[in-house]
Structures are given as structure tokens and as C-alpha cells.
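So the chains spell out like this:
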Amino acid sequence: LTGASAGKILQVKQDSLLSQFSTTSISSFIATGLDIDITPSSSSNKVLISFMLNNYAISSNTNTFYTLYRDSTNLGDTSEDNGYGVGLLRGYTNVHHGYPMGLTFLDQPNSNSSIHYEVYARTNGGTLHIGGSGGYAVPNYIQCFEVEA
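In this text the structure is predicted, and so the values were computed from the model without any measurement.

Analysis parameters
- Residues numbered from 1 in each chain as written.
- Predicted model: local features only at pLDDT ≥ 70, side-chain atom pairs only at ≥ 80, totals over all residues.
- Heavy atoms only, no water.
- Helix = DSSP H or I, 4+ residues; strand = E, 2+ residues; numbered from the N terminus.
- Buried < 20%, exposed > 50% of the residue type's maximum accessible area, 1.4 Å probe, protein only.
- Salt bridge = Lys/Arg side-chain N within 4 Å of Asp/Glu carboxyl O.

Description of unusual backbone geometry
Now for step 1: Positive phi is not limited to glycine here, since D71 has a value of about 55 degrees.
Now for step 2: Not every positive phi belongs to a glycine, and N110 is a case in point at roughly 55 degrees.
Now for step 3: When you line up the elements, N110 lands in the loop between β8 (97–107) and β9 (115–123).
Now for step 4: For N110, a relative accessible area of 53% translates into the label exposed.

If you want it as C-alpha cells, here you go:
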């Protein structure tokens, strides 16, 4: 049978970020430190990336934006929000509280070399804390799955 193994998970990787990260960046995405490397066994295979971040926004009426980079390429939108880009994921809060944000993204990198994925963040105002605040760290996770073509 041709293609009978298509969709089979060939490898799974997971990493976590146990430290806190804060940003006030409005005009550009900043690396969060939540990253992972994977080397696909074939350039025709896809990579499924999933991440979960715990946020805490200090300012009211705060938008948070997340995107995923493959090496130096931003996989999210870079043209919206006055040219700053909205990335792949947007959150909003009008009070001071924490909230989780996650995303699953299927990428076709067309490579069988080592690939580096990293989550980047920005805010539209105030301070965005990732991984907790006030000295209480909350784990954040990223996972990669190589999917056979």
C-alpha cells in the first residue's frame, strides 16, 4: 500500500521553560526562551508544534501577541497592527490577572536538517510576564512531533 504510513508520528520532542520572562516590547517580537530543536528524517515530512504559556498582564486593556519562529523565519502574520504583526496568537485582558495561552501549528519546513523553533512575544502596552510573576514561576511547555508525509 502506497502512503499507508502517512500521518504516522516518527519522533516526539518536548522542552519546558521554568523561569520567568517579562517584556514591554510594543513594536517587535522578542524571544521568550521557550524553544526546541528537531531534525526531520525526511524533507517531505511535516512538523507539528504545540506550546502552552502562562501569562500575567499588569496593565488593563492589554493585548498580547505570540508567534513562532522557524530558525529566523516568523511563521505568523507580520503585516497587521500598524505593521508590527499579530503573529499566530492574540490574547486580551482588561484586568490584572494571569491566563494560559496555547497553540498548535503544522509546519512543512522542507528540510531534513536541524530546525530550531522558538516562541516570540510582544504586547501593545504595559508589562507582560510569561511563566508567572512575583517570584512564582509556572512551567511553560513546547512540543514537536515529526509527522510522516
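Details of the pattern of salt bridges
Side chains bearing opposite charge may pair, as long as their charged atoms lie close to each other.
Now for step 1: Taken as a whole and judged by the stated rule, the model has one salt bridge.
Now for step 2: With its nearest N and O atoms 2.7 Å apart, the salt bridge here joins D107 to R70. Remark: R70 occurs in strand β5 (residues 62–70) and D107 occurs in strand β8; sequence separation between them is 37 residues.
Now for step 3: Residue D107 is classed as buried on the basis of its relative accessible area, which comes to 5%.
Now for step 4: On the basis of relative accessibility, which here comes to 18%, the residue R70 falls in the buried class.

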